[in-house]
Each structure stands twice: as structure tokens, then as C-alpha cells.
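Per-entry structural report
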Amino acid sequence: MLVNATEMLKKARDGKYAVGQFNINNLEWTKAILEVAEELQSPVILGVSAGAAKYMGGFKTVVALVGAMIEDLKITVPVATHLDHGTYNDSIACIEAGFSSIMYDGSKLPIDENLAKTAEIVKLAHAKGISVEAEVGSIGGEEDGVVGSGEIADADECKRLAETGIDFLAAGIGNIHGVYPANWQGLNFEALEAINNATGGIPLVLHGGSGIPEDMIKRSISLGVSKINVNTEKQLVFAAAVRKYIEDGKDKEGKGFDPRKILAPGVEAIKVTVREKIELFGSTNKV
Ligand code: 13P
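Here is a short report on the structure shown in this document. (Residues numbered from 1 in each chain as written. Predicted model: local features only at pLDDT ≥ 70, side-chain atom pairs only at ≥ 80, totals over all residues. Heavy atoms only, no water.)

This brings us to the overall build of the protein chain. Scanning the protein chain from N- to C-terminus turns up 11 helices and 10 strands. On C-alpha atoms alone, the protein chain measures out to a radius of gyration of 18 Å, which is about the 19 Å that the 2.2 N^0.38 rule sets for 287 residues. By its C-alpha atoms, the protein chain is 60 × 45 × 40 Å across when sized along the principal axes. The proportion of buried residues among the 287 residues of the protein chain is 54%. (Helix = DSSP H or I, 4+ residues; strand = E, 2+ residues; numbered from the N terminus. Rg over C-alpha atoms; globule rule 2.2 N^0.38 Å. Buried < 20%, exposed > 50% of the residue type's maximum accessible area, 1.4 Å probe, protein only.)

Below, the structure written as C-alpha cells:
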């Protein structure tokens, strides 16, 4: 069932668990994630970056793929199709294409411009029942080989962004996208607590969910995190499983060259990761 992410995240916040945002890249990833969510009776958010959407053909292709798959696979759990880190123009395009949820990321803009643009997006999205995430305090990560540490969001700026009417808020607390460097300082729980206290109960979003130790995940949920984004960990297990298939020479045995067979170990690996994350986040049987 395709829904926006507002209700599922309010419920998560009240129930002290988090809903996973699992990024998709193609048909196989979409199917794997939907099947695990249905198996565990968990709500789920399919994250789609503009780059992934472009790869798949465009925003409309994503909407059609997810919608048809929910129907064909008889997926009954709540599913949101969510634009990940959208620009202003991507956000508008997704509102028009039929996404049920979007993230407008104005975190690199001066705060007043971020607030103004976010408010505009909220108005357009809410008119169509689409949920909105926005961000302040940019999330670090690897860019051109340079690993930046995650920025810490200012609690007062978070409060102002929450007041634009967004449905959930991404705030940097030392989290970064990609693999965490060995000398990573960990999440800043003092900052998270201050943000949680300042923003009056809005569900908070933790980006860069790959590789964060379990105890930090649990503590962040106890401090208002209700949505956790995971991408890199799935990419790593997918790549390793497909590599093993090829290195074991399986593509050269019988009909092992069938693309469905080549990708199958990767799909199984993603399913294991998604299952583990849903269980860790506590959203099993929370439909
Ligand atoms: P990771 O790739 O580090 O899991 O981060 C995913 C994410 O935050 C997408 O917005």
C-alpha cells in the first residue's frame, strides 16, 4: 500500500522504534526490500536519489515500477516512495511525478534561504498529501576521496526548520554517508538531545545509517530518531555476493550466465541486511 511517510513516522516516534529508508537502484533492489518488509510486516520507505531515478529512466519510471510491484507482489504493508536529498527542481518534479514523500535538501544554502525554499516545497507537497523531510547541518561523507566529518546542526536552526511545517527533520549529529572512517568520533548525543528538545516532537531522521554500531542506533531512537537511512551497507554486500558468484566461476556452469542467476546472490545478500536492520530498528510487526 503506497502511503506518505507522515503517519508511519509519527507512530514510530510514539512507539520508540524507527522505520528504515532503504535506497533502491533498480528492479531487483526494489523487489528485495518490498518482500522483506512484507515478510516482517514492517512499514518501509524506499529512498530514491535523483541519480538512481535517472539511472532507472526517470522519476515517472520509479513511480510506475513501485506502484505496479506493490500490486503484483500483493504488498500490504505501508510503503513510501521518497526522494532522497532532492534539489528544489527535483522536489517539484517528484511532487508532479507521484512520489508519496520527498526530501528537499537545502542544507548547503544560507539558513534563511533554506527555510524559505522548504516552506514553498511544504505548501506544494502538502496540497497533494505528500510528506516532506528537510535538512539542516549538512551530513558529511566522502567526496573525491576526502572524508569530511559530519556537521553538527544548530538546535535553534532545527526549530526554525521544523516550524516550516515539514513532517520530519534530518539534522546532522556527526553522522556521515558511506563507510565511517576508523577515527570517527561517533554520534553526538548531546546535540541530538538538544535538537530533540528544541523541535517539539517532530520525528527525526538519521542519515548515513550504514556502519553505525547497534548501541548508538538504539540510543538515537530513544532520543527521537524515527527514520534511519541505509544504503552503503547494501551496496557492499550486494557487490561482494555478486563478485563471489563470478569468482567461483558459477556464470560458466550450465545456464549460470542468465542475468537473473548472476544477480540472485546479491539480492539474497541485500535481503539479509534489510532483515537485520528492520529487526534492529524495531519496526517488525508495526503496520
Ligand atoms: P549510507 O549510504 O551511509 O547508508 O547513507 C544512506 C543515506 O543517508 C541516504 O540518504
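This part takes up the site of the ligand. Taken together, 13 residues lie near the ligand, and Asp84, Gly208, Ser210, Asn231 and Thr232 sit nearest. Contacts to the ligand include Gly178, whose backbone N or O atom sits 2.8 Å from an oxygen atom. Out of a free accessible area of 310 Å², the ligand has 96% covered by protein chains. Counting residues per element, the ones that place at least two in the shell around the ligand are β3 (79-86) and β10 (225-230). Of the residues that constitute the shell around the ligand, the class distribution is one nonpolar, 11 polar and one charged. (Near = heavy atom within 4 Å. Polar contact = N/O pair within 3.5 Å; in protein donor to acceptor, adjacent residues only side chain to side chain. Areas by Shrake-Rupley, 256 points an atom, 1.4 Å probe, with all protein chains shown as cover. Nonpolar A, V, L, I, M, F, W, Y, C, P; charged D, E, K, R; others polar.)

Moving on to the pattern of salt bridges. Applying the stated rule across the entire model yields 10 salt bridges. One salt bridge in this structure joins Lys271 and Glu35, with 2.8 Å as the shortest N-O distance. Highlighted residues: Lys271 in helix α11 (residues 259-281) and Glu35 in helix α2 (residues 27-40), separated in sequence by 236 residues. For Lys271, a relative accessible area of 12% translates into the label buried. For the salt bridge of Asp112 with Arg160, the shortest nitrogen-to-oxygen distance reads 2.8 Å. Taken together, the positions of Asp112 in helix α6 (residues 111-126) and Arg160 in helix α7 (residues 155-162) put the pair 48 residues apart, joining distant regions of the chain. Residue classification places Arg160 among the partly exposed residues on the basis of a relative accessible area of 33%. (Salt bridge = Lys/Arg side-chain N within 4 Å of Asp/Glu carboxyl O.)

What follows concerns the layout of surface pockets. Estimates place the volume of the second largest pocket at around 200 Å³. Lining the second largest pocket are Leu27, Glu28, Lys31, Ala32, Glu35, Pro259, Arg260, Leu263, Ala264, Val267, Glu268 and Lys271. Counting only elements with at least two residues in the lining of the second largest pocket, the list comes to α2 and α11. If you tally residues by element for the lining of the second largest pocket, the top one is α11, at seven residues. Its residues assigned to classes, the lining of the second largest pocket comprises six nonpolar, no polar and six charged. (1 Å grid on protein atoms, 1.4 Å probe; cavity = no way out; pocket = protein on both sides within 12 Å on 5 of 7 lines; lining within 4 Å. Points joined across faces, edges and corners; volume = space filled by probe spheres on them.)

A few words on the sheet that holds strand β5 (residues 131-136). Overall, parallel pairing links the eight strands, which are arranged β1-β2-β3-β4-β5-β8-β9-β10 in a closed barrel. With direction set aside, neighbouring strand axes in the sheet form an average angle of 25°. Of the pairings in the sheet, the one linking strand β4 (residues 101-104) to β5 comprises four bridges and is parallel in character. Bridging across to β5, Met103 finds its partner in Glu133. Sheet contacts for α2: β1 (19-23), β2 (44-49) and β3; angle to β2, the most-contacted strand, approximately 165°. Lying over the sheet, helix α9 (residues 214-222) contacts β9 (204-206) and β10, oriented at roughly 140° with respect to β10. (Pairing = 2+ DSSP bridges. Axes fitted to C-alpha atoms, helices over the stretch in contact; angles between N-to-C directions. Contact = heavy atoms within 4.5 Å.)

Turning our attention to the packing of α7 against helix α8 (residues 189-198). Put simply, α7 and α8 touch, their axes get as near as 8 Å, and they point 35° apart. Judged by the sense of rotation from one axis to the other, the crossing of α7 with α8 is right-handed. Only Ala194, Ile195 and Ala198 of α8 make contact with α7, whose side of the interface consists of Ala155, Cys158 and Lys159. Its residues placed into classes, the contact of α7 with α8 shows five nonpolar, no polar and one charged. (Left-handed = near helix turned anticlockwise from the far one by under 90°.)

Positionally, Gly51 belongs in helix α3 (residues 50-56). By relative accessible area, which is 48% here, Gly51 ends up partly exposed. Placed 33 residues apart in sequence, Gly51 and Asp84 show a C-alpha to C-alpha distance of 9.7 Å.

Now for the pairing of β1. Of all five residues in β1, five are buried, a share of seventy percent or more. Neither face of β1 is left uncovered, since the one carrying Val19, Gln21 and Asn23 and the one carrying Gly20 and Phe22 both have all their residues buried. Here β1 runs beside β10; their pairing, made up of four bridges, is parallel. When the sheet's bridge partners are listed, Phe22 is paired in β10 with Val230. As defined by bridge partners, β1 adjoins β2 across three bridges and the pair is classed as parallel. Counterpart to Phe22 in the pairing with β2 is Leu46. Handedness of the crossover joining β1 and β2 through α2 is recorded here as right-handed. (Right-handed = clockwise from strand over helix to strand, strands pointing away.)

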